[in-house]
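# Structure assessment
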Amino acid sequence: MRINKLALTNFRSYPSLELELQPGVTTFIGDNGSGKTNIAESLIYLAFLSSHRVANNVPLISLGAQQAIIRTEIERDDRTLNIDLEINASKANRARINGNPTRSQREILGACQIVYFSPEDLDLVRGEPGGRRDFFDRLLITRTPRMAGVIADYERVVKQRNALLKTRSSASALLPWNEQLIKFGAQLTADRIALVEALNPWVAKNYANLNEVKPASISYKCSSEGVSNNFENNVEVLTKRLEEVAYQEIERGVSLIGPHRDDLHLQIGDFPAKGYASHGESWSMAISLRIGSFNLLKSEGSEPILILDDVFAELDTSRRKQLMSATQIAEQTIITTAVESDLPAELLTQKFYVTPGVVKKGKS
C-alpha cells in the first residue's frame, strides 16, 4: 500500500497543496510550526476519521473556510483508489471513492492503513486510560474496519444510557439500552482482548530488541472479571455485572461497567510501566507498541504506511535504529523532522522542505 498523490484544500495551514509521493521513505523537513506535521495529520485523519492532535474538526479547517478537503490516490493490491474526504465543522463529513459518494464516511476506513509514531506517544505509557483505549481502538479499526461501527454504536449507547441514569429513569426505560450495552460491549471487549493477545508477542520482541534488560508485556485490564475473547461468554459476564451494579449506577448517574472503563495494562519487569518506568523505558515501550502494531498488521498480510512524526530528535541511537528497521520493511514511510542532520543519510533520498504554506521538493 502506498499513497501516490495527496491534495489538500483549506486543511490547517494549506489553502492549496498538491504532492506526488514515491514508494520508500519521504522526509518533510521544516522548523516547528512550519506545517510539516499538518501533512502527516491529514493522512492520519484519512485513515482514522479523527486527528491525533485535536478532538474536533474545527482546528483542521483553515480560518474563514467552511470545509477542508483531503484528496488522495492510493495504490493497493494492484489497483488504484481515489479517496476524497470533505471535513466539516458543524455537519457530517462526506466522502467519495473513485468519484462515487458513500452513504457514510466510515466506508473509506481500511482504504488507507497507517501506523504512526509521534512524541505524544509517551502519554500511552504515562497518561490516562483514555489514550490507551484510543490506541487499541484505532489499531482495531485498522485491522478490522467494521469495528468502527461497533465502537460508534457502543459510544452512542453509553451516552444515552448515562443521560437516562442522571435523570433516575425507570428500569423499564433503561432495559433496551442495557441490552445494547451488553451486545456491543461484549463484541468490543472480545475483539479488543483478541487484539491485545495478538499484539503482546510483538511488543515483547520489539522491547527486547532495544537492549532493555527487563521483559515487557501488555494485557487487557477489564472493569468486569471473567471477560475473554469470546462474545457469548462476555454477554453472560456483562449481563450479570450490570445487575450487580444497577443500584450504584442509579445513585451515581453513570454507567459503571463496560469497555469504556477498561484499560491496556503495560508491564515492565515486575512493575506496571505507568509510575515506575524511567524516561528511556517509557520511550522503549511507546516504540514497541507502535512498531509492534506495524509488525502485527504486516504479519497478517497488510502493508500499512508508516508515519514517524518529529520523533528522531527525541531518541538515542539504539531507539533510532529500531525505527530504521521498520522503515526498511515498510512499502512507504513518511517522516517529519525539524533538523535534517537528526536523520541518517539513507532516510533523506526523497525530501521536501517546508515553510509556512509552502512545500518544495529538495534534491536527493
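Placed above this text is the structure.
To keep things clear, this report deals only with the structure shown in the data block. Per chain, residue numbering runs from 1 following the sequence as it is written. In keeping with the predicted nature of the model, local features appear solely for residues at pLDDT of at least 70, side-chain atom pairs appear and are counted solely at 80 or more, and the whole-chain, interface and lining totals rest on all residues. No hydrogens and no water enter the side-chain calculation; it runs on all heavy atoms of the structure.

## Some details on the overall build of the protein chain
- Scanning the protein chain from N- to C-terminus turns up nine helices and 15 strands.
- With the radius of gyration taken over C-alpha atoms, the globule rule is written as 2.2 Å times the number of residues to the power 0.38. Its C-alpha atoms give the protein chain a radius of gyration of 21 Å, within 12% of the compact-globule value 21 Å for 364 residues.
- Judged by the C-alpha coordinates and their principal axes, the protein chain covers about 70 × 50 × 35 Å.
- The cut-offs for exposure are 20% and 50% of the maximum accessible area for each residue type, with area from a 1.4 Å probe on protein chains only; residues under the lower value are buried, those over the upper are exposed, and the others partly exposed. Across the 364 residues in the protein chain, those meeting the buried criterion constitute 53%. Runs of E in the DSSP output that reach at least two residues are strands. Runs of H or I that reach at least four are helices, and both are numbered from the N terminus.

## Some thoughts on the sheet that holds strand S1 (residues 2-11)
- Read across the sheet, six strands follow the order S2-S1-S4-S5-S6-S7 without closing on themselves; strand pairing throughout is antiparallel. Each having just a single partner strand, strand S2 (14-20) and strand S7 (100-101) make up the two edges of the open sheet.
- In short, DSSP must find at least two bridges between two strands for them to pair. In this structure, strand S4 (residues 67-76) lies alongside strand S5 (residues 79-88), joined through ten bridges in antiparallel fashion. Bridging from a neighbouring strand, Arg71 pairs with Asp84 of S5.

## Side note on the packing of helix H4 (residues 147-166) against helix H5 (residues 171-209)
- As a packed pair, H4 and H5 sit with axes 9 Å apart at the nearest point and diverge in direction by 145°. Pair H4 / H5 crosses with left-handed handedness. Of the residues in H5, those in contact with Met147, Val150, Ile151, Asp153, Tyr154, Arg156, Val157, Val158, Gln160, Arg161, Leu164 and Leu165 of H4 are Ala173, Leu174, Trp177, Asn178, Gln180, Leu181, Phe184, Gly185, Gln187, Leu188 and Asp191.
- When residue character is reported, Ala, Val, Leu, Ile, Met, Phe, Trp, Tyr, Cys and Pro are called nonpolar, Asp, Glu, Lys and Arg charged, and the others, Gly included, polar. Its residues placed into classes, the contact of H4 with H5 shows 14 nonpolar, five polar and four charged. All axes are obtained by fitting lines to C-alpha atoms, using only the stretch in contact for helices, and the reported angles, taken between N-to-C directions, cover 0 to 180 degrees. If you view the pair so one helix is near and one far, a crossing is left-handed when the near helix is turned anticlockwise from the far one by less than a right angle, and right-handed when it is turned clockwise. The criterion used for residue contact is that any of the two residues' heavy atoms lie within 4.5 Å.

## Re helix H1 (residues 36-48)
- Taking 1.5 Å per residue as the helical rise, H1 with its 13 residues ought to reach 18 Å, and the 19 Å between its terminal C-alpha atoms agrees with that figure.
- Burial analysis of H1 places 13 of its 13 residues in the buried class, the great majority of the element.
- Directly beyond the C-terminal end of H1, a positive phi value near 60° is found at Leu49. What a helix is expected to span follows from its residue count: subtract one and scale by 1.5 Å.

## Notes on the pattern of salt bridges
- Between Lys or Arg on one side and Asp or Glu on the other, a salt bridge is scored when a side-chain nitrogen of the former is within 4 Å of a carboxyl oxygen of the latter. A full pass over the atoms with the stated rule returns 25 salt bridges.
- In this structure, Asp134 engages Arg138 in a salt bridge whose closest nitrogen and oxygen atoms are separated by 3.4 Å. Note that Asp134 and Arg138 are positioned in helix H3 (residues 129-143) at a spacing of four residues, about one turn of the helix.
- With its nearest N and O atoms 2.9 Å apart, the salt bridge here joins Asp137 to Arg192. Of this pair, Asp137 sits in helix H3 while Arg192 sits in helix H5, and the two are 55 residues apart along the sequence. Arg192 carries the same exposure label as Asp137, and that label is buried.

## Quick notes on the environment of Ala148
- For Ala148, the location among the structural elements is in helix H4.
- Here Ala148 falls in the buried class, since its relative accessible area comes to 7%.
- It is 7.4 Å that separates the C-alpha atoms of Ala148 and Arg106, two residues lying 42 residues apart in sequence.

## Considerations on the side chain of Asn162
- Summarising the element assignment, Asn162 is placed in helix H4.
- Side-chain polar atoms of Asn162 contact the backbone nitrogen of Ser255, separated by 2.7 Å.
- The contacts of Asn162, once residues within four sequence positions are left out, are Gly253, Val254 and Ser255. What qualifies as a polar contact is a pair of N or O atoms within 3.5 Å, subject to a donor-acceptor requirement within protein and to the restriction that residues adjacent in sequence count only when both atoms come from side chains.

## As for the packing of aromatic side chains
- Any pair of Phe, Tyr and Trp rings, taking the six-membered ring for Trp, is counted once the centres come within 6.5 Å. Such a pair is stacked with planes under 30 degrees apart, edge-to-face with planes over 60 apart, and tilted for the rest. Tallied over the full model, the rule gives five aromatic pairs.
- Centroid distance Phe48 to Tyr116: 6.1 Å. Interplanar angle 70°. Geometry classified as edge-to-face. A residue pair is termed long-range when its members are at least 10 positions apart, and Phe48 in helix H1 and Tyr116 in strand S8 (residues 114-117) qualify at 68 residues.
- Under the relative-accessibility criterion, Phe48 is labelled buried at 10%.
- Under the relative-accessibility criterion, Tyr116 is labelled buried at 6%.
- Ring centres 4.9 Å apart and planes at 25° place the aromatic pair Phe271 and Tyr276 in the stacked group.
- Sitting over a ring, as applied to charges here, requires NZ of Lys or CZ of Arg to be within 6 Å of the ring centre and within 35 degrees of the ring normal. The ring of Tyr116 carries the charged tip of Arg290 above its face, separated from the ring centre by 4.3 Å.

## Topic: the packing of helix H8 (residues 279-299) against helix H9 (residues 317-329)
- Interaxial distance between H8 and H9 falls to 11 Å at its minimum, and their mutual angle equals 10°. The pairing of H8 with H9 is recorded here as roughly parallel in orientation. Across the interface between the two elements, Gly280, Glu281, Trp283, Ser284, Ile287, Ile291, Phe294, Asn295 and Lys298 of H8 pack against Arg319, Gln322, Leu323, Ala326 and Ile329 of H9.
- In the contact of H8 with H9, the residues fall into seven nonpolar, four polar and three charged. When describing relative orientation, an angle under 35 degrees is termed roughly parallel and one over 145 degrees roughly antiparallel, while 65 to 115 degrees is termed roughly perpendicular and anything else oblique.

## Thoughts on H3
- If you check H3, its first and last C-alpha atoms are 21 Å apart, about what 15 residues at 1.5 Å a residue would give, namely 21 Å.
- All of the buried residues along H3 are Arg132, Arg133, Phe135, Phe136, Asp137, Arg138, Leu139, Leu140, Ile141 and Thr142.

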